[in-house]
Every structure is written in C-alpha cells, then in structure tokens.
Amino acid sequence: MKSLFLIRHAKSSWDNPMQNDFDRPLNARGLKDAPMMAQRLLDRQIKIDAFISSPAIRAKQTCSLFMQTFKVDEATMQLQSQLYLAAPDVFMQTITSIPSSISSAAIFSHNNGITEFANTLTSTGIDNMPTCSVFAVKADIENWKDFAKAKKEFWFFDYPKLQS
C-alpha cells in the first residue's frame, strides 16, 4: 500500500506586486499554517518518506516547514521544476517515477493543477484546494509506476480553516 499527500503551498505574500510569481514567499499566515498542518499529519501518526516540491519559493518554504515539523533533513527535499504551475498529467508523471522503496510521498505544488489532479484520483471531488490543504489517497500497489492504473482510495482532505 502506498500513500500520497497532495499539498498546496501555504498562503503567499503579495506585499510586492512587482515581484516575480516564482519568487513570492509565504506571508505570516502561511508561515503559521504550514507547521500547523504538518502537525495535524503527525497527530494522525502519518509518516512521510519523500518530500517532493515545486522549486517556487512559496512551495519550497511550505515543504521546508513540513520537513522541520517532521524532523526530516531538508537536504533530502526533492525539487522538481515541472511541478511549478503543473498540469494534472505532470503530477502523474512525477508520481510514477517515485522509487518503489518509498511508501509515502508528499507533493507540494500549486493551483489550479493540484486541485484538478486531486479530482482525477477518486470519486471524492473537491471544488478547490485552499492554501496549505492536504488531499490524501492510498493506492494498493507495490510500485509507484503502477499508480496511474491502480485503484485509489480517498483517505482524507484537510485544510487550515477546517475545524476538527
């Protein structure tokens, strides 16, 4: 069984309207939400073996804050340039290339692609992945290369403003 966590980057700053989109950092709310959402995963006793992120600053910062909360060496973060503003098919290509030794992977990316991709996985649909939301699925496979054709089971959907 493999576990996949699709995580939209936390809230980014628009303080500098002239700033290149790729270089936008997290704002104060994003810096608070990312560790909180990572802690919610830890509270569920979730283990993440691979942290894969878009190289955009806001996605990378979100991934880094999750890794700090999980006490994982940030040097193991895998940056994948194709995840910046990725279309749904790019997510599948990224997932199917994950080594089979990895049991659970978190992918940090952007809307609209991440919401569109989440909606292709199971019969559970969502209108929008808010910032710092987590969409989790399980797949009964031994190798990630089989993910596309595998039966996937919706696990949970969580986001900062969702009350437990």
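For clarity, every value in this text was computed on a predicted model and none was experimentally measured.

Peer 1: For this particular structure, what's the right way to read the side chain of Lys 2?
Peer 2: Considering the arrangement of structural elements, one finds Lys 2 in strand β1 (residues 2-8). Here Lys 2 sits buried without a salt bridge, and the closest side chain of opposite charge, Asp 49, lies 7.2 Å off (N-O distance). Within the structure, Lys 2 has its side chain in polar contact with the backbone oxygen of Ile 102 (distance 3.0 Å). Leave out the neighbours within four places in its chain, and Lys 2 touches Ser 100, Ile 102, Ser 103, Val 137, Lys 138, Ala 139, Ile 141, Glu 142, Asn 143 and Trp 144.

Peer 1: Where do I start with helix α3 (residues 88-96) in this structure?
Peer 2: An α-helical turn contains 3.6 residues, so any two residues separated by three or four positions project in the same direction. Looking only at α3, the buried set comprises Val 90, Phe 91, Met 92, Thr 94 and Ile 95. For α3, the secondary structure elements touched by its buried residues are β1, β2 (50-53), β4 (104-109) and α4 (113-121).

Peer 1: I would appreciate a short explanation of the packing of aromatic side chains in the present structure.
Peer 2: Ring pairs (aromatic) are described by centroid distance and by the angle formed between their planes. Counted under the stated rule, the structure contains 12 aromatic pairs. Judged by centre distance (5.0 Å) and plane angle (75 degrees), the rings of Phe 22 and Tyr 84 are edge-to-face. Highlighted residues: Phe 22 in the loop between β1 and α1 (28-43) and Tyr 84 in the loop between β3 (78-79) and α3, separated in sequence by 62 residues. Taken together, a centroid distance of 5.3 Å and an interplanar angle of 15 degrees make the contact between Phe 91 and Phe 117 stacked. Here Phe 91, found in helix α3, pairs with Phe 117, found in helix α4; they are 26 residues apart in sequence, far enough to count as distant. Its relative accessible area of 0% is what places Phe 91 among the buried residues.

Peer 1: Before we go on, may I ask you to explain the side chain of Asp 33 in this structure?
Peer 2: Tracing the backbone shows Asp 33 in helix α1. Once you skip the residues sitting within four places of it in the chain, Asp 33 turns out to touch Cys 132 and Pro 160.

Peer 1: Would you mind going over the packing of α1 against helix α2 (residues 57-70) with me for this structure?
Peer 2: Packed helix pairs are characterised by how far apart their axes lie and by the angle those axes make with each other. Their axes nearest at 8 Å, the elements α1 and α2 cross at an angle of 45 degrees. The pairing of α1 with α2 is recorded here as oblique in orientation. α2 is crossed by α1, and the crossing has right-handed handedness. Across from Gly 30, Leu 31, Ala 34, Pro 35, Met 37, Ala 38, Gln 39, Leu 41 and Leu 42 in α1, the residues of α2 making contact are Gln 61, Thr 62, Leu 65, Phe 66, Thr 69 and Phe 70. Partitioned by chemical class, the residues of the contact of α1 with α2 number 10 nonpolar, 5 polar and no charged.

So, how was this worked out
Residues numbered from 1 in each chain as written. Predicted model: local features only at pLDDT ≥ 70, side-chain atom pairs only at ≥ 80, totals over all residues. Heavy atoms only, no water. Helix = DSSP H or I, 4+ residues; strand = E, 2+ residues; numbered from the N terminus. Buried < 20%, exposed > 50% of the residue type's maximum accessible area, 1.4 Å probe, protein only. Lys, Arg positive; Asp, Glu negative; His and termini not counted. Salt bridge = Lys/Arg side-chain N within 4 Å of Asp/Glu carboxyl O. Polar contact = N/O pair within 3.5 Å; in protein donor to acceptor, adjacent residues only side chain to side chain. Contact = heavy atoms within 4.5 Å. Phe/Tyr/Trp six-rings, centres within 6.5 Å; stacked < 30°, edge-to-face > 60°. Axes fitted to C-alpha atoms, helices over the stretch in contact; angles between N-to-C directions. Parallel < 35°, antiparallel > 145°, perpendicular 65-115°, else oblique. Left-handed = near helix turned anticlockwise from the far one by under 90°. Nonpolar A, V, L, I, M, F, W, Y, C, P; charged D, E, K, R; others polar.

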